[in-house]
Amino acid sequence: MRSEIMYVELKGTSGVTGDARIGLVTFSKTGKTMYFDGRTLEPARDGGGKINHVDADTGEEFWVSGCKKAGGDTLYPGTIKIDADVREEYWRDIRHEPGRATETTIRSLGKHNKHSQ
């Protein structure tokens, strides 16, 4: 199965923002179902633009996407945790800043912040 470092955000009760992580996601054969941190994330039927996957067991809603090179992964300003098992590769291959490989979190200005671009 194919794996990739991705941005994963649990939307929580607000449905807009929630706990966010950069971590390793594994894909099913079809590439539609994702596996992350012991969860099975299936495509959402109607995400309304803020969610694109749902936990198959709990129904919790997620936004999962590829990591942005500039780090602006969140919709709105927020802090993103970087999983230890992907930290070095994330900083080296995605952000092209290997000197930051010990940093465990990043602050994202958010997609909807005019200064994030």
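Each value, and the rule that gives it
Residues numbered from 1 in each chain as written. Predicted model: local features only at pLDDT ≥ 70, side-chain atom pairs only at ≥ 80, totals over all residues. Heavy atoms only, no water. Core = buried A, V, L, I, M, F, W, Y, C linked by side-chain atoms within 4.5 Å. Buried < 20%, exposed > 50% of the residue type's maximum accessible area, 1.4 Å probe, protein only. Helix = DSSP H or I, 4+ residues; strand = E, 2+ residues; numbered from the N terminus. Contact = heavy atoms within 4.5 Å. Salt bridge = Lys/Arg side-chain N within 4 Å of Asp/Glu carboxyl O. Polar contact = N/O pair within 3.5 Å; in protein donor to acceptor, adjacent residues only side chain to side chain. Arc of directions from axis to C-beta.

In terms of nonpolar packing, the biggest core is built from 12 residues, these being I5, Y7, A20, I22, C67, I80, I82, V86, Y90, W91, I94 and I106. For this core, the secondary-structure elements that each account for two or more residues are strand 1 (3-10), strand 2 (20-27), strand 7 (78-82) and helix 1 (87-94). Of all the elements, helix 1 adds the most residues to this core, at three residues. If sequence neighbours within four positions are ignored, I5 has contacts with I22, G23, L24, C67, V86, E89, Y90 and I94.

Per the stated rule, a full pass over the model turns up 11 salt bridges. Between R100 and E97 there is a salt bridge, and its shortest N-O distance comes to 3.1 Å. A relative accessible area of 25% places R100 in the partly exposed class. On the basis of relative accessibility, which here comes to 27%, the residue E97 falls in the partly exposed class.

What follows covers unusual backbone geometry. Even without being glycine, D37 reaches a positive phi, approximately 50°. Since its relative accessible area comes to 53%, D37 is described here as exposed. Positive phi values are uncommon outside glycine, yet H96 reaches one of about 55°. Assignment of secondary structure puts H96 in the loop between helix 1 and strand 8 (105-108). On the basis of relative accessibility, which here comes to 55%, the residue H96 falls in the exposed class.

Relative to the assigned elements, T74 resides in the loop between strand 6 (61-66) and strand 7. A relative accessible area of 6% means that T74 is categorised as buried. Of note is the side chain of T74, whose polar atom sits 2.6 Å from the backbone oxygen of Y76. In this structure T74 touches Y7, I80, S108, L109, G110 and K111, once residues within four positions along its chain are discounted.

Further remarks concern the side chain of D55. Mapped onto the secondary structure, D55 falls in strand 5 (residues 53-55). Judged by relative accessible area, D55 falls into the buried class, the value being 4%. Ignoring any residue separated from it by four or fewer positions in sequence, one finds D55 in contact with R39, T40, L41, E60 and F62.

Let's shift gears to helix 1. Because each turn of an α-helix spans 3.6 residues, side chains separated by three or four positions end up pointing in the same direction. Within the sequence span of helix 1, burial applies to R87, Y90, W91 and I94. Summarising the axial view, the buried residues of helix 1 lie within an arc of 110°, below the 170-degree limit, and thus occupy one face. Contacts from the buried residues of helix 1 go to strand 1, strand 2, strand 7 and strand 8. Where helix 1 terminates, the next one or two residues include H96, which has phi positive at roughly 55°.

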